[in-house]
Amino acid sequence: MDARTPELSSVSVPNAVPSGWRGDAGHVRSLPEVNATVAVPSGGLWWRRLLAFAGPGYLVSVGYMDPGNWATDLAGGSKFGYTLLSVILLSNLMAILLQALAARLGIATDRDLAQACRATYSRPVNLLLWLACEAAIIACDLAEVIGTAIALKLLFGIPLIGGALLAALDAFLLLLLMNRGFRFLEAFVIALLIVIAVCFVVQIAAAAPPVAAVLGGFIPSREIVTNPEMLYIAIGIIGATVMPHNLYLHSSIVQTRAYPRTEEGRRDAIKWATTDSTIALMLALFVNAAILVLAAATFHKSGHSDVAEIDQAFELLSPLLGLGIASTLFAVALLASGLNSTVTATLAGQIVMQGFLDLKLPDWLQRLVTRGIAIVPVIVVAALYGESGTAQLLVFSQVVLSMQLPFAVIPLVRFVSDKRKMGAFAISRPVAVAAWIVAGLIVILNVKLLIDTFFGS
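One structure accompanies this document, and this report is about it. (Residues numbered from 1 in each chain as written. Predicted model: local features only at pLDDT ≥ 70, side-chain atom pairs only at ≥ 80, totals over all residues. Heavy atoms only, no water.)

### A few points about the packing of aromatic side chains
Here is the rule: Think of it this way: a Phe, Tyr or Trp ring, Trp meaning its six-membered ring, pairs with another when their centres are within 6.5 Å, and the plane angle makes it stacked under 30 degrees, edge-to-face over 60, tilted otherwise. By the criterion adopted, a ring carries a charge over it if an Arg CZ or a Lys NZ lies within 6 Å of its centre and within 35 degrees of its normal.
Summed over the entire model, instances satisfying the criterion amount to three aromatic pairs. An aromatic cluster is defined as three or more aromatic residues linked by ring pairs; in this entry it consists of Trp21, Tyr121 and Phe415. The ring of Trp21 carries the charged tip of Arg111 above its face, separated from the ring centre by 4.5 Å. Between Arg261 and the ring centre of Tyr259, over which it is positioned, the NZ or CZ distance is 3.7 Å.

This is the structure:
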């Protein structure tokens, strides 16, 4: 059911904390066509309120289990066994914190992260931040579209380029779902997430990995930092898990709920939105860990330590597991993951373009432009590389995503720590310290990766 609160019936909204933002930046509601359209009960049982806020977290979690994760998790599991499970756990904890901060920013200020940047930084800085974010979305699309195309090839024999072109049609799927209401989009995404989870439950049951070895993999190892090859994949996992465009996406879509735009209403909304995203990201942790555990228990254990390409995994899964349907389940989960990821990435692209550039384009045209900017390089790369080297392309795209993270994480942490911008909703000093540690860790790992990549070590 959709509902719109009277105080948000206008496109323009007042600044939540006027003193903290540039007065000349202007301010309209993020995603105005769906802003405050999902009804929230004012009282009653707690689970009804949780259900009302459930949804945005699952859209965000999609980006944490997209085909780029598959490439990095497959490579890590087949080559290094269970060792990199600790990296998946660390990156998931980082994601939970950062997504909670993104939700807080959107609810407390009525601004998404892109709008907050435009209302803080100069135009040249905003253009640079926008270009960095577009580069991240292109890298994300590279993984998602190629992953979807591979799934279509494995299941239906469609050539890679044809599958990539079909994947580009997700912009029309997004338009159809959004026209039915934001809840329809959320229901579509959650249904595909259930498909992914069921597929992996069956495969993990068939693989029967040793519980002690799996639990041991969640304990950090010094080798992750000292081994350049392992570090490269580890940073790819972080880049695949903590996605920069997800921070922009989450800060916008939490505003689809029609909570009272009062201090008490916002505080309640932050609590439920954080609960929603935390639960959803635990599902993402399960899927990412399941991919790596499946690769470790199936490929690494049998001596196939060079399995990094998705089609290789597809061919070997059923014979090695002794389960005829295993490879099909793997491809079905990949297709569901690719469809989900391209839909949410398209929505994030619209939010980023609208927030940074303040474009006054029709919704359908803005989504097509956003998809066009991202999809053209994907088609070109797919045409040049074909079916060979897709694993390297997928892992590299996740490293590119990781390189863009500081450009989203640092402004986010800065904003939510600023009492002039957030007022009573500014984060506490301990949370700010934890957030800056996460941001610093991301920067340090990226610098080390660059040194190892270009100068060797």
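### Description of helix H6 (residues 123–156)
Note the cut-off: A helix here means a DSSP run of H or I that spans at least four residues, while a strand means a run of E at least two residues long, and both kinds are numbered starting from the N terminus. Expected span of a helix, by definition, is 1.5 Å for each gap between consecutive residues, and there is one gap fewer than residues. Exposure is judged per residue with a 1.4 Å probe applied to protein chains only, and the accessible area is read against the type maximum: over 50% gives exposed, under 20% gives buried, and values in between give partly exposed.
Between its terminal C-alpha atoms H6 stretches 47 Å, which fits the 50 Å expected from 34 residues at 1.5 Å a residue. Of all 34 residues that make up H6, 24 are buried, and the element is covered over most of its length. Within two residues after H6, Gly157 carries a phi angle of roughly 75°, on the positive side.

### Some points on helix H13 (residues 244–253)
Counting buried positions over the 10 residues of H13 gives 10, a clear majority of the element. Buried within H13 are the following residues: Pro244, His245, Asn246, Leu247, Tyr248, Leu249, His250, Ser251, Ser252 and Ile253.

### A short note on the nonpolar core
Short version of the rule: For our purposes a nonpolar core is just a set of buried Ala, Val, Leu, Ile, Met, Phe, Trp, Tyr and Cys residues, chained together by side-chain atoms within 4.5 Å. In this analysis, two residues are considered to be in contact whenever any of their non-hydrogen atoms come within 4.5 Å of each other.
Core analysis: the biggest nonpolar cluster contains 142 residues, and Leu84, Leu113, Phe182, Leu185, Phe200 and Leu347 have the highest contact counts within it. The element contributing the most residues to this core is helix H14 (residues 263–300), with 19 residues. Discounting chain neighbours no more than four positions away, the residues touching Leu84 are Gly76, Ile224, Met230, Ile233, Ala234, Ile237 and Leu292. Residues Ala139, Cys140, Met243 and Leu401 belong to the second largest nonpolar core, which totals five residues.

### Focus on a nonpolar patch on the surface
Quick note on the threshold: For patch detection, residues must exceed 30% relative accessible area and be free of salt bridges, and they are connected within 9 Å for like charges or within 5 Å for nonpolar side chains (Val, Leu, Ile, Met, Phe, Trp, Tyr). Reported accessibility uses the Shrake-Rupley method at a 1.4 Å probe radius. Residues are deemed covered only where the shown protein chains occlude them. Definition used for salt bridges: Asp or Glu carboxyl oxygen within 4 Å of a side-chain nitrogen of Lys or Arg.
A cluster of nonpolar side chains, namely Ile410, Trp436, Val443, Val447, Ile451 and Phe455, defines an oily patch on the protein surface of about 560 Å² accessible area. Top contributing element to the nonpolar patch by residue count: helix H20 (residues 429–455), with five residues. Within the secondary structure, Val443 is located in helix H20.

### Comments concerning the environment of Phe286
For Phe286, the position within the fold is in helix H14. A sequence separation of 86 residues divides Phe286 from Phe200, and the C-alpha atoms of the two residues are 9.1 Å apart. Setting aside its immediate chain neighbours within four residues, Phe286 contacts Ala197, Phe200 and Val201.

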